[in-house]
Amino acid sequence: MKNQNSKTAIIIGSGLGGLSTALRLSHLGYDVTVIEKHSNPGGRLNQLKIDGFTFDVGPSFMSMTYELDELFNSVGIKNPIELEELDPLYQVYFENDSRPYKIWKTLSKLEEEFKDIEPNLAAKVEKYLSKAGEFFHDTEDKVVKSNYENVVDYILKLTRVPLKHLPYLFRKMWTEVERNFESEQVRVIFSLVAFFLGSTPFQTPAIYSLLNYTEMKHDGYWKVKGGMYRIVEELMKILKERGVKFIFNTEIVGIANSNGKLNSLIDRNGKIWEADIFISNSDAAAFRGMILGRKKFSEEKLDKMDWTLAPFTIYLGVKGKIDSLMHHNYFLGSNFRGYANKIFTSSIIPQKPYYYVNVSSKSNSECAPVGCENIFILCPVPDRRYKNNWDDKEEIADNIIKDLSRRTNFDIESNTLVKEIYSPVDWEKMFNLYKGSGLGLAHGINQVGAFRPKNKDEIFPNLYYVGASTTPGTGLPMVIISSKLVTERIKADYGIIQ
Ligand SMILES: Cc1cc2nc3c(=O)[nH]c(=O)nc-3n(C[C@H](O)[C@H](O)[C@H](O)COP(=O)(O)OP(=O)(O)OC[C@H]3O[C@@H](n4cnc5c(N)ncnc54)[C@H](O)[C@@H]3O)c2cc1C
């Protein structure tokens, strides 16, 4: 496609996917406007400030950090984000065991930590990760970082992946950890990554043990100096310098005009927004159904798709320092399989929940007043298809906080200075997450690659998609890759602007 003189682009949504696409398109000369329903940018990668406490609202760690380098380098900038690698990656508390297990990236330390319950762990982990690593490298460029024209093209790309990985596709992650480790604790710990995909190890294909490889061997887990929201702040600074326009508190609710191509969108106040091209950072499946009215994505059809678990999140500003907590912590119950199999498709809230706790004030002192901690609790729960009414959110939060007080041996309830709770209903309202699903569409083999909603619209040639529910998938590095893939499409269709 030859160079053109000017092109306007509207991006609907300022999540990491939207902001990354804005950066790449503005670099190619496009005149970019971002329209966001929320009051500030970042989407799920957001920030909450209350009375001297600062919380990251969603993501709390970054993996595959070279994707962040690639994003900034692609527009001629050195990555301005300061990252610090985690080792130990996190600690895990099991029910009825006051001793936390530290999960070290350094395998000799990991072996020492588990010597009583899983002998020779370093060698077992090496074996497990070498297989996962081979799969990761055999698919990263050929499959994950590729655009597909259709299913045939996808299958052709899959045929370039060595056949030896085939059993991985049809096995579940739990089976894979059972084959490699003997103790229940180690099996549970290695299968926790399934929850990062918003699913459970009993549903997630074994291919995603590649996430164990990315956390423990490949690039590891990183925290962002100053908090995760620094990523958004740095991007916003650069985008504004480059002339990208931002419109907040404005929700796109439908199409205003189309004739073969999309000419304009309409917001909730009736204002019309025109552009040459449009990119939706709003959920790629729900947008097609709710905004474009496509039958294939009607509510009934969307409800039948596999969605990731919903987040139930609590933000606590607490007086005092809690020594038993680290930067990342998991608190697990004693009935892993029963919990994972039942709880996410039922409206019953468990007495003994499983949850994750992040305390960013452990390493970023500016996130809490002196002598205090900022505690973020994330408990995966059923989405609104299974539990529609969340009026009991205070009661659920109290139950979790009580459990955390008991297990950390610190009276969190009496020392709480600040408290905010987001149920799946709040998450849906804030960022249009379908029925409160936290990570978007799930990643079973029927919903990845060519089977995931495409990043180019089926009907309008000038409408594209970026973010967690289009290709390649969810998570911060994946949505950065998504922005690269959609930009490649737009560049192929409309070229570079002079
Ligand atoms: C609790 C939680 C914890 C997580 N932890 C991690 C982690 O530690 N590490 C990691 O890598 N990933 C994590 N994730 C996943 C990660 O946050 C997401 O994959 C990623 O942020 C998705 O980015 P996105 O750009 O696709 O979408 P979003 O961040 O959802 O952005 C979409 C934006 O579009 C706006 N929008 C939607 N519809 C409209 C409309 N009609 N009009 C105008 N604006 C609209 C929304 O308000 C939103 O700002 C976590 C997610 C959650 C919920």
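Thresholds, definitions, all that
Residues numbered from 1 in each chain as written. Predicted model: local features only at pLDDT ≥ 70, side-chain atom pairs only at ≥ 80, totals over all residues. Helix = DSSP H or I, 4+ residues; strand = E, 2+ residues; numbered from the N terminus. Pairing = 2+ DSSP bridges. Axes fitted to C-alpha atoms, helices over the stretch in contact; angles between N-to-C directions. Parallel < 35°, antiparallel > 145°, perpendicular 65-115°, else oblique. Left-handed = near helix turned anticlockwise from the far one by under 90°. Contact = placed C-beta atoms within 7 Å. Near = placed C-beta within 6 Å. Domains from an automatic or database assignment. Nonpolar A, V, L, I, M, F, W, Y, C, P; charged D, E, K, R; others polar.

Draft legend 1. Quick look at unusual backbone geometry. Omega for the peptide link from Asp87 to Pro88 comes to 10°, which places this bond in the cis form. By the secondary structure assignment, Pro88 is in the loop between β5 (83-85) and β6 (90-94). In this structure, Pro472 follows Thr471 across a cis peptide bond, with omega equal to 0°. Turning to its location among the elements, Pro472 is positioned in the loop between β19 (463-465) and α17 (476-494). Although it is not a glycine, Asn96 sits at a positive phi angle of roughly 65°. Located in the positive-phi region is Asn409, a residue other than glycine, with phi close to 60°. With respect to the helices and strands, Asn409 occurs in the loop between α15 (393-408) and β18 (416-422).

Draft legend 2. Broad picture of the sheet that holds strand β12 (residues 272-274). Pairing in this open sheet of three strands is antiparallel, and the strands run β10-β11-β12 from one edge to the other. Each of the sheet's edge strands pairs with one partner strand only, and the pair in question is β10 (252-259) and β12. The sheet shows a mean angle of 30° between the axes of neighbouring strands, direction not considered. Both strand β11 (residues 261-267) and β12 contribute to a ladder of three bridges, which runs antiparallel. Across the sheet, Leu265 pairs through a bridge with Trp273, a residue of β12.

Draft legend 3. The arrangement of the packing of helix α7 (residues 173-180) against helix α8 (residues 184-191) in detail. For the pair α7 and α8, the least separation of the axes is 9 Å and the interaxial angle reads 140°. By the angle between their axes, α7 is oblique relative to α8. The crossing of α7 and α8 is right-handed. From α7, Met173, Trp174, Val177 and Glu178 reach across to α8, where they touch Arg187, Phe190 and Ser191.

Draft legend 4. Summary view of the site of the ligand. Around the ligand sit 35 residues, and of these Gly13, Gly15, Gly17, Gly43 and Gly467 come closest. Elements with a contribution of two residues or more to the shell around the ligand: α1 (16-27), β14 (310-319) and α17. Element by element, the count of residues in the shell around the ligand is highest for α1, at three residues.

Draft legend 5. Up close: the sheet that holds strand β9 (residues 245-247). If you walk across this open sheet you meet the five strands as β9-β2-β1-β13-β19, and the pairing is parallel. This sheet does not close on itself; its edge strands, each paired only once, are β9 and β19. Averaged over neighbouring strand pairs, the angle between their axes works out to 20° when direction is ignored.

Draft legend 6. Structural view of the domain arrangement of the protein chain. Taken domain by domain, the protein chain holds domain 1 (8-39 + 248-304 + 441-494) and domain 2 (106-219). The straight-line distance from the C-alpha centre of domain 1 to that of domain 2 is 30 Å. Listed by partner, the interface residues are 12 residues for domain 1 and 13 residues for domain 2. Class assignment of the residues belonging to the side of domain 1 that touches domain 2 gives a composition of six nonpolar, four polar and two charged.

Draft legend 7. Representation of the environment of His328 in the model. Turning to its location among the elements, His328 is positioned in strand β15 (residues 328-332). With 105 residues separating them along the chain, His328 and Lys223 place their C-alpha atoms 10.0 Å apart. If near-sequence neighbours (up to four positions away) are discounted, His328 is found in contact with Ser60, Phe61, Leu89, Tyr90 and Asn358.

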